[in-house]
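Take a look at the letters that make up each chain.
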Amino acid sequence: MQWETFEYWGQKAVRWGANYRRTLREHPVRSQVEMGEILKSLPPCAPEEPERMEDIFADFERTILPGMTHWQHPRFFAYFPANAAPASVLAEILADTMAAQCMLWQTSPAATELERRMIEWLRDAVGLPAEFGGVIQDTASSATLAAILTMRERALDGKGNTRGLAGQPALRIYASNEVHSSIDRALWFSGIGADNLVRIPTRGPMRSMDPAALREAIAQDRASGFLPAGIVAAVGGTSTGACDDVAAISQVAKSESLYLHVDAAWAGSAMICPEFRTLWHGAEHADSIVLNAHKWLGAQLECSIHLLRDENTLRNTLTIAPEYLGTHGNEGEIRNLCDLSLQLGRRFRALKVWFLLRAEGLARLRSMMRNHVRWANEVAERIAIDSDIEIVTPPILSLFTFRLAPAGLTPDALDTLNLDLLARINDTGRIYLTPTRIDDRLAIRFQVGAIETAPEDIDTAVEEIRNTAAGLV
Ligand SMILES: *Cc1c(COP(=O)(O)O)cnc(C)c1O
């Protein structure tokens with residue numbers, strides 16, 4: 001392909017994209033293809049000779065599109081959102097076209113300096129104090145792994161990277177049962193081991209970990225020769241939106257001299273609304289916080305905002321300086337960002353944040369989130385009236401869980417019934433929901449978060465859930 005052709009097809013692609021977004025309601029939310037269907041329709045070998053872009057584009061529409069689940073669909077109520085506002089899409093096109101590798105300040109000064117400013121904008125927007133700096137990671141999984149590695153190095157006086165863990169006392173990390181599986185994996189990857197993730201029991205409607213139990217677990221571990229290294233608090237857990245009492249946990253972290261990481265991957269974006277900040281009250285005392293701007297906020301994948309109270313703790317964990325990278329530009333006031341991330345290579349992620357925040361403005365983003373929260377509450381109310389549907393966990397921000405629970409069924413039969421309900425709902429493609437397990441029983445999650453969701457979509461969701469449920473009992 002030549003650049004002249006790129007211009008023509010680039011315009012076509014943008015036009016296609018705009019039309020796609022405008023007509024999303026015509027598509028089923030979750031792809032309705034059978035497994036293997038797409039694979040079967042693809043040629044087994046790469047072509048030797050160039051093919052015509054007309055053909056490639058036509059195959060994209062014919063073969064690929066039916067196999068897409070539409071995350072930007074206004075009736076996507078599954079998982080958490082992965083929003084991509086138009087301005088952020090545009091910025092990605094520009095960033096992808098320049099295709100800069102932004103590892104060091106000098107490999108693109110604008111990328112490093114804009115990233116620093118965007119971290120400050122978002123830090124202020126979510127109400128955190130000015131001492132916080134940070135970095136944009138690809139995903140929350142990476143941010144959390146970076147935090148766990150920092151805990152490891154801090155606990156081992158910076159010797160873990162060189163000596164490894166052999167011969168050391170077993171390190172311990174503390175979290176509740178409500179934390180995301182990325183914490184388990186961070187324990188695997190850091191060499192600490194998932195057996196050393198100590199699960200603290202939760203309590204209350206927010207399913208938050210019990211600070212007294214946390215304190216006791218740490219004391220017991222110390223007495224048994226373990227080496228406590230850090231705590232991971234959840235704000236907006238994936239299953240039900242569980243929130244730990246960060247203020248109370250941070251006091252434990254402080255008195256025990258442990259590093260505290262807060263996983264607010266989903267809920268963190270909502271903190272641009274001051275009224276939601278009670279959910280992470282005390283977050284300013286955390287050492288590290290991750291919030292995914294690529295979820296609710298609208299900067300598309302990948303864009304995890306990793307806020308750090310002291311950047312140097314992470315920098316000391318991750319910095320390596322081989323000769324071929326040089327150190328130019330890293331002595332000054334503006335530091336190289338590859339020293340704060342696991343990967344060396346870095347995309348220019350700050351550009352989409354900048355475009356997004358300027359093109360939308362914080363006020364509009366706030367009102368979008370407030371609508372979502374209000375609608376989630378409305379749906380929870382409306383589906384439970386005069387029906388066999390029960391709300392299992394009430395809305396935390398824009399997420400709640402429910403299940404169909406007619407009288408007289410065994411717990412196992414209820415699980416089967418709800419799986420059936422979920423499959424029927426998703427097979428229509430009108431809305432898309434996903435399951436979870438709460439206290440070992442199946443429940444269905446409902447979250448509102450897509451940028452384009454409108455009241456009519458909320459009505460459709462209520463109708464779809466009520467009617468499908470009514471057909472099953
Ligand atoms: C989505 C999510 C994650 C994982 O985020 P990635 O960016 O996909 O790694 C972790 N924790 C919570 C609470 C989440 O909602």
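What counts, and where the lines are drawn
Residues numbered from 1 in each chain as written. Predicted model: local features only at pLDDT ≥ 70, side-chain atom pairs only at ≥ 80, totals over all residues. Heavy atoms only, no water. Domains from an automatic or database assignment. Contact = heavy atoms within 4.5 Å. Buried area = accessible area lost by both parts, 1.4 Å probe. Salt bridge = Lys/Arg side-chain N within 4 Å of Asp/Glu carboxyl O. Polar contact = N/O pair within 3.5 Å; in protein donor to acceptor, adjacent residues only side chain to side chain. Helix = DSSP H or I, 4+ residues; strand = E, 2+ residues; numbered from the N terminus. Nonpolar A, V, L, I, M, F, W, Y, C, P; charged D, E, K, R; others polar. Near = heavy atom within 4 Å. Buried < 20%, exposed > 50% of the residue type's maximum accessible area, 1.4 Å probe, protein only. Patch = residues over 30% accessible without salt bridge, like charges linked within 9 Å, V, L, I, M, F, W, Y side chains within 5 Å. Areas by Shrake-Rupley, 256 points an atom, 1.4 Å probe, with all protein chains shown as cover. Expected span 1.5 Å × (residues − 1). Axes fitted to C-alpha atoms, helices over the stretch in contact; angles between N-to-C directions. Parallel < 35°, antiparallel > 145°, perpendicular 65-115°, else oblique. Pairing = 2+ DSSP bridges. Phe/Tyr/Trp six-rings, centres within 6.5 Å; stacked < 30°, edge-to-face > 60°. Lys NZ or Arg CZ within 6 Å of the ring centre and 35° of its normal. Core = buried A, V, L, I, M, F, W, Y, C linked by side-chain atoms within 4.5 Å.

K.L.:
Help me out: how do you make sense of the domain arrangement of the chain in this one?
P.N.:
Along its sequence, the chain is carved into domain 1 (24-38 + 50-83 + 362-473) and domain 2 (101-360). Listed as interface residues are 27 residues of domain 1 and, on the opposing side, 32 residues of domain 2. Counting each side, the surface lost to burial between domain 1 and domain 2 is near 2500 Å², with a carbon and sulfur contribution of 66%. Salt-bridge contacts for Glu 275 lead to Arg 370; the nearest nitrogen and oxygen are separated by 2.6 Å. Applying the counting rule to domain 1 against domain 2 returns ten residue pairs in polar contact (both at pLDDT 80 or more). Put simply, the parts of the chain that give the side of domain 1 that touches domain 2 at least two residues each are helix H14 (362-384), strand E10 (389-396), strand E11 (399-404) and strand E12 (434-438). Counting residues per element, the side of domain 1 that touches domain 2 draws most heavily on H14, which supplies nine residues. Its residues assigned to classes, the side of domain 1 that touches domain 2 shows 14 nonpolar, seven polar and six charged.

K.L.:
Mind showing me how you'd approach the site of the ligand here?
P.N.:
The immediate surroundings of the ligand are formed by 14 residues, with Ala 140, Ser 141, Asp 263, Asn 292 and Lys 295 found nearest. Asp 263 is positioned such that a nitrogen or oxygen atom in its side chain is 2.7 Å from a nitrogen atom of the ligand. In this structure, Lys 295 approaches the ligand through a side-chain N or O atom, which is 2.7 Å from an oxygen atom. Broken down by secondary-structure element, the contributors of at least two residues to the shell around the ligand are helix H6 (140-155) and helix H11 (293-297). Its residues assigned to classes, the shell around the ligand shows four nonpolar, eight polar and two charged.

K.L.:
Can you walk me through the environment of Cys 45 in this structure?
P.N.:
Of note, Cys 45 is situated in the loop between helix H2 (37-41) and helix H3 (53-64). The exposure class of Cys 45 is exposed, given its relative accessible area of 61%.

K.L.:
Can you walk me through a nonpolar patch on the surface in this structure?
P.N.:
A surface patch of nonpolar side chains, about 360 Å² in accessible area, is lined by Leu 39, Leu 42, Ile 64 and Met 68. For Met 68, the position within the fold is in the loop between H3 and helix H4 (86-98).

K.L.:
Sorry if this is basic, but what is going on with helix H16 (residues 455-470) here?
P.N.:
Side chains of residues three or four places apart in an α-helix project in the same direction, reflecting 3.6 residues per turn. The first and last C-alpha atoms of H16 sit 23 Å apart over 16 residues, in line with the 22 Å expected at 1.5 Å per residue. Buried residues belonging to H16 abut H14, E10, E11, helix H15 (411-428) and strand E13 (441-447).

K.L.:
Before we go on, may I ask you to explain the packing of helix H13 (residues 350-360) against H14 in this structure?
P.N.:
Geometry of a packed helix pair, given as the angle between the helix axes and the separation of the axes. Remark: H13 packs on H14, axes separated minimally by 6 Å, with the N-to-C direction vectors making an angle of 85°. Here H14 runs roughly perpendicular to H13, going by the angle between their axes. Residues Leu 357, Ala 359 and Glu 360 of H13 lie in contact with H14, whose contacting residues are Leu 362, Arg 364 and Leu 365.

K.L.:
Quick question: what am I supposed to make of the sheet that holds E10 here?
P.N.:
Either a parallel or an antiparallel arrangement is found when strands of a sheet pair, and the pairing is made through backbone hydrogen bonds. Strand order in the open sheet formed by four strands is E10-E11-E13-E12, and the pairing between neighbours is antiparallel. Edge positions in the open sheet fall to E10 and E12, since each of these has one partner strand only. Adjacent strand axes in the sheet meet at a mean angle of 35° when their direction is disregarded. By the bridge criterion, five bridges tie E10 to E11 in an arrangement that is antiparallel. Within the sheet, the bridge partner assigned to Ile 389 lies in E11 and is Leu 404. Sheet strands in contact with H14 are E10, E11 and E13, and its direction is about 165° off that of E10.

K.L.:
Help me out: how do you make sense of the packing of aromatic side chains in this one?
P.N.:
In this description, a pair of aromatic rings is defined by centroid distance and the angle of the planes. Following the criterion strictly, the structure yields 17 aromatic pairs and no others. Residues Trp 188 and Phe 189 carry aromatic rings whose centres are separated by 6.4 Å and whose planes lie at 85° to one another, so their mutual orientation is edge-to-face. Summarising the burial analysis for this pair, Trp 188 and Phe 189 share the class exposed. Taken together, the ring pairs connect Tyr 8, Trp 9, Trp 16, Tyr 20, Phe 57 and Phe 60 into an aromatic cluster. The side chain of Arg 358 reaches across the aromatic face of Trp 354, ending 4.8 Å from its centre. Seen from the ring of Phe 80, Arg 445 lies directly overhead, with NZ or CZ sitting 4.8 Å from the centre.

K.L.:
Would you mind going over the sheet that holds strand E7 (residues 259-263) with me for this structure?
P.N.:
Reading across from one edge, E1-E9-E8-E7-E6-E2-E3 is the order of the seven strands in this open sheet, with mixed pairing throughout. The strands lining the two open edges of the sheet, one partner per strand, are strand E1 (133-137) and strand E3 (197-200). Each neighbouring strand pair of the sheet contributes to a mean axis angle of 20°, computed without reference to strand direction. Pairing of strand E2 (residues 171-176) with E3 involves four bridges; the strand directions are parallel. Looking across to E3, one finds that Ile 173 is bridged to Leu 197. Against the sheet, H6 contacts E1, E2, strand E6 (227-234), E7, strand E8 (288-292) and strand E9 (304-308), and its axis sits at roughly 155° relative to E6.

K.L.:
For this particular structure, what's the right way to read the nonpolar core?
P.N.:
As a rule of thumb, nonpolar side chains are buried together in soluble globular proteins. Ile 231 and Trp 280 are the most contacted members of the largest nonpolar core, which has 68 residues in total. Top element by residues in this core is helix H5 (residues 109-125). It accounts for six residues. Both domains that meet at this core, namely domain 1 (24-38 + 50-83 + 362-473) and domain 2 (101-360), each give it at least three residues. If near-sequence neighbours (up to four positions away) are discounted, Trp 280 is found in contact with Val 126, Leu 128, Val 235, Val 246, Ala 264, Gly 268, Met 271, Ile 289 and Leu 291.

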